[in-house]
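Descriptive structure summary
Residues per chain are reported as follows:
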Amino acid sequence: MRYFFSFLRRYLPPYKSKVVVTFLCNIASAIFSVMSVALLIPILEIIFQQDSEVTTLMPFSIDGDMSKAAVNNFYYYVTYIKLTYGAGFALLFSGIFMIIATMLKCGMAYAASYSNVGLRNNMVRDIRREIFAKIVSLPVGFFSNERKGDIMQRATGDVAEVEGSVMSSLDMFLKNPVLIIVYIVSMAIMSPQLTIFAFILLPVAGSLIGRVGKSLKRQSREGQEKMGVLLGILEETIGGLRVVKAFNAEKHIVSHYSDETQSYCNIAKRLSRRRDLAHPMSEFLGTIVVIIVVWFGGTLILNGDGSLTVAKFLAFLGIFYQIINPAKNFSTAFYNIQKGMAAMERIDKILLADDHIFENANGKPIKQLQNCIEYRNVTFSYNGEIDVLKNVSLTVPKGKMIALVGQSGSGKSTFVDLLPRFWDITQGEILIDGVNIKDYRLHDLRGLMGNVNQDALLFNDTIYNNIAFGISNATQEDVERAARIANAHEFILAQPEGYQTNVGDRGSKLSGGQRQRISIARAVLRNPEILILDEATSALDTESERLVQDALEKLLVGRTSLVIAHRLSTIRNADLICVFHEGQIVETGTHDELVALGGYYKKLHDMQAL
Ligand code: ADP
Ligand code: MG
């Protein structure tokens, strides 16, 4: 429960006023509810019993007992109407009061839930926003250790679970206690003896019900985790449907999915059955309690001193009956909170995750590269065990094109990913103009660079928005100019809706070369100082490679660039070529120098010449 209160402290404060409104409406509703039942007493007494008729008005006075006077005078008017117009009319008259009281009770209850809805939805919206912002800010590395489906489940299903929990808790703290207290007080006024008796019984029943909820939290967490697995399979399958079909793996994957759904189904059944047990159990125990109370109250009337009348007893039962619901809700709320907090713990795995990439609070601004980028004795490991880069040093002077070559897995992509701080290095340092990149503002640092990768990542949006991505003040002319430089303008115009054509999920409606040219246009528009190309053409056929290569050459003019190349022909005129081998730079030089050297580069070169 302590976790739950800290949760409320985190998300409730902005909505204090709503809490107060809900609370006040609930009090009002409870009072009207008691009134509507209590009005039964005079009706029953006066109309069916001669001796409770009141024939004199009592004056209201400040020092006198006002409530006594009010009760007396109400009795007086009912008696008056009964004697003048008959008992039937008096019944109707009192009925109108009951209707009004009930109307006020229901109206107030609605007002309370109206404000409650705002509270709950706002809180949940805040959590959703927080999760998304956190997902965006977490380093890329966080997600290689997590299942994507599980993350999605946390951002959706778990949030819904928390919503249920919040809703219950508001009931639990803002409504049920109010109702219960008001009911108990009014019951105590009617008959203290009976009230004490009833409330010895209730906790006994309550603790029996409470047992049901014990393992609910653990089971709920299992359920959410399983749901994450399901979402993961779904997501991967939709994304990789081509592979699934190409390898005739439909049957395999369907049976895998159906196994997982079965195990989710089992958990969900266990969970629901346990939770549903609460309802019939409390109803059954509630009935037993009511019957015992009726028996006890009956004997009080039959053998009593006359302090408890039949009319009062009926009203007492009316209120007692009303108390059962909030008492029952109290126990359901308790379960729901347990479930919700299990979900919140999972969400907190994201929200409270370490950012790893620490932004220097007094980071220096940087708008331009003045001099050079320098990697100094850089060692890096993804998992803390195997060094993917070993003591690598390299200087990239401003305006030069540096090419990185080497076999797959030699650490080239890792090397360039360190520059925008997608990962932070383990040892050594990376400097821009002599200052460690950790001492710059992260936003500025990344603003210096443009990226074009092997798989052009497009969003499911229009071509225009994909090119202008992240730039809010781009004009149509800017976007078109960028597209022309990227050799994309013509094919974009040929699309059904030109720049406003939607590219489909991950750009699937376009060919690989077209996607790549759009991602180049995106880089052109940003006009970055430093350009990082990671095998930008390796996924393309020769025809589109030529177009993309041409676009890239235009993009490279006058920029500082790190170019990872798969085909050596594309980097022939680089200012410097670095050959990577098992996490180290083993050769550097120009094309001609390296060929003359006759080492790794020569070997790669000869292989491709074949
Ligand atoms: P290249 O781009 O030269 O083909 P990479 O830099 O992508 O090579 O990979 C270098 C090594 O780092 C590989 O052995 C690869 O398995 C490992 N690696 C790459 N990315 C990750 C990651 N996110 N987590 C752990 N290991 C990784
Ligand atoms: Mg790579």
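What counts and what doesn't
Along each chain, numbering runs from 1 in the same order as the chain's sequence is written. Each chain takes a letter, starting from A, and each ligand takes a number, starting from 1, following the order in which they are written. The predicted nature of this model means local features are confined to residues of pLDDT at least 70 and side-chain atom pairs, given and counted, to a pLDDT of 80 or more, with totals for whole chains, interfaces and linings taken over all residues. Hydrogen atoms and water are omitted, and side-chain values are computed over all heavy atoms in the structure. Helix and strand definitions follow DSSP, with helices as H or I runs of at least four residues and strands as E runs of at least two, each counted in order from the N terminus. In this description the radius of gyration comes from C-alpha coordinates, and the expected globular size is given by 2.2 Å times residues to the power 0.38. The rule is simple: take the accessible area with a 1.4 Å probe, protein chains only, and divide by the maximum for that residue type; under 20% is buried, over 50% is exposed, in between is partly exposed. Between two residues, a contact is recorded if the distance between any of their heavy atoms is within 4.5 Å. Accessible areas in this description were obtained via Shrake-Rupley with a 1.4 Å probe; residue shielding takes into account the shown protein chains only. Residues scored as charged are limited to Lys and Arg (positive) and Asp and Glu (negative), so that His and the chain ends carry no count. Taken as the charge centre is NZ of Lys, CZ of Arg, CG of Asp or CD of Glu, depending on the residue. The start and end points of each domain follow an automatic or database-based domain assignment. Helices are assigned an expected span. That span is 1.5 Å times one less than the residue count. A patch is a set of surface residues, each over 30% in relative accessible area and not in a salt bridge, joined within 9 Å for like charges and within 5 Å for the nonpolar side chains Val, Leu, Ile, Met, Phe, Trp and Tyr. We define a salt bridge as a contact between a side-chain nitrogen of Lys or Arg and a carboxyl oxygen of Asp or Glu at a distance within 4 Å. The near set for a molecule or strand comprises every residue that places at least one heavy atom within 4 Å of it. N or O atoms within 3.5 Å of each other form a polar contact, as long as, within protein, one can give a hydrogen and the other can take it, and as long as residues adjacent in sequence are counted only when both atoms are side-chain atoms. Polar here means any residue other than Ala, Val, Leu, Ile, Met, Phe, Trp, Tyr, Cys and Pro, which are nonpolar, and Asp, Glu, Lys and Arg, which are charged; Gly is therefore polar. Only centres within 6.5 Å qualify two rings of Phe, Tyr or Trp (six-membered ring in Trp) as a pair; their planes then separate them into stacked at under 30 degrees, edge-to-face at over 60, and tilted for everything else. When DSSP finds two or more bridges between two strands, those strands count as paired.

Here we come to the overall build of the chain. Assigned secondary structure in the chain consists of 21 helices and 10 strands. A globule of 610 residues ought to have a C-alpha radius of gyration of about 25 Å, yet the chain, at 37 Å, is considerably larger. Here the C-alpha coordinates of the chain stretch approximately 125 × 50 × 50 Å along the principal axes. In the chain, which comprises 610 residues, the proportion classed as buried is 44%. Nonlocal contacts in the chain, meaning residues at least 24 apart in sequence, comprise 76% of its contacts between residues at least 6 apart. Total accessible area on the chain stands at roughly 31800 Å², and carbon and sulfur atoms take up 59% of it. Averaging the locations of the 62 positively and 59 negatively charged side chains of the chain gives two centres separated by 5 Å.

Once that is clear, we can look at the domain arrangement of the chain. Considered domain by domain, the chain is made up of domain 1 (16-137), domain 2 (368-448 + 530-537 + 560-610) and domain 3 (455-527). Inter-centroid distance (C-alpha atoms) of domain 2 to domain 3 is 28 Å.

Attention now moves to helix H18 (residues 512-526). Look at H18: 22 Å from first C-alpha to last across 15 residues, which is about the 21 Å you get at 1.5 Å a residue. Of all 15 residues making up H18, 12 are buried, and the element is well covered by its neighbours. Taken residue by residue, H18 has Gly513, Gln514, Gln516, Arg517, Ile518, Ser519, Ile520, Ala521, Arg522, Ala523, Val524 and Leu525 as its buried positions. Positive backbone phi, at 50 degrees, marks asparagine 527, one or two positions downstream of H18.

The next subject is a nonpolar patch on the surface. On the surface, Tyr85, Phe89, Leu92, Ile96, Ile100 and Leu104 cluster together into a nonpolar patch covering about 600 Å² of accessible area. Here the element with the most residues in the nonpolar patch is helix H5 (residues 87-137); it accounts for five residues. Mapped onto the elements, phenylalanine 89 comes out in helix H5. Residue class for phenylalanine 89 comes out partly exposed when judged on its relative accessible area of 44%.

As a further point, take the site of ligand 1. Every residue lining ligand 1 is accounted for by Tyr382, Val388, Ser408, Gly409, Ser410, Gly411, Lys412, Ser413, Thr414 and Trp423. Glycine 411 is positioned with one of its backbone polar atoms (N or O) 3.0 Å from an oxygen atom of ligand 1. Within the contact set of ligand 1, an oxygen atom lies 2.9 Å away from a backbone nitrogen or oxygen of lysine 412. With the chains in place, 59% of the 560 Å² that ligand 1 exposes on its own is no longer accessible. With three residues, the top contributor of residues to the shell around ligand 1 is helix H13 (residues 412-417). Of the residues in the shell around ligand 1, the class split is three nonpolar, six polar and one charged.

Once that is clear, we can look at the packing of aromatic side chains. Under the definition given, this model contains 17 aromatic pairs. Consider the rings of phenylalanine 197 and phenylalanine 296, whose centres lie 4.0 Å apart with planes at 15 degrees: the pair is stacked. Taken together, the residues phenylalanine 197 in helix H8 (residues 192-210) and phenylalanine 296 in helix H11 (residues 250-303) connect sequence positions 99 residues apart. Connected via pairs of aromatic rings, a cluster forms that spans Phe4, Phe5, Phe7 and Tyr11.

For tyrosine 440, the location among the structural elements is in the loop between strand E5 (435-436) and helix H14 (442-447). For tyrosine 440, a relative accessible area of 5% translates into the label buried. For the pair tyrosine 440 and alanine 361, spaced 79 residues apart in the sequence, the C-alpha separation amounts to 9.4 Å. Setting aside its immediate chain neighbours within four residues, tyrosine 440 contacts Glu359, Gly363, Lys364, Pro365, Ile366, Ile432, Asp433, Val435 and Leu445.

Here we come to the pattern of salt bridges. When the charged atoms of two side chains with opposite charge come close together, those side chains can pair. Using the criterion set out here, one finds 18 salt bridges in the structure. Between glutamate 529 and lysine 398 there is a salt bridge; the shortest N-O distance is 3.5 Å. In this pair, glutamate 529 is assigned in the loop between H18 and strand E7 (530-534) and lysine 398 in the loop between strand E2 (387-397) and strand E3 (401-406), connecting sequence segments 131 residues apart. The closest approach of N and O atoms between aspartate 606 and lysine 602, which form a salt bridge, is 2.9 Å. With aspartate 606 and lysine 602 both in helix H21 (residues 600-609) and four residues apart, this pair spans about one turn of that helix. Residue class for aspartate 606 comes out partly exposed when judged on its relative accessible area of 33%. Taking relative accessible area as the criterion, lysine 602 reaches 28% and is therefore assigned partly exposed. Taken together, the shared-partner salt bridges connect Asp150, Arg154, Asp158 and Arg346 into one network.

So, about the pairing of E3. In terms of residue burial, E3 counts as a mostly covered element, since six of its six residues are buried. Here four bridges tie E3 to strand E8 (residues 560-564), and the two strands are oriented parallel to one another. Among the inter-strand pairings, alanine 403 is bridged to a residue of E8, identified as valine 563. One ladder, built from five bridges, connects E3 with strand E9 (residues 576-581); its direction is parallel. Residue pairing in the sheet places alanine 403 in a bridge with isoleucine 577 of E9.

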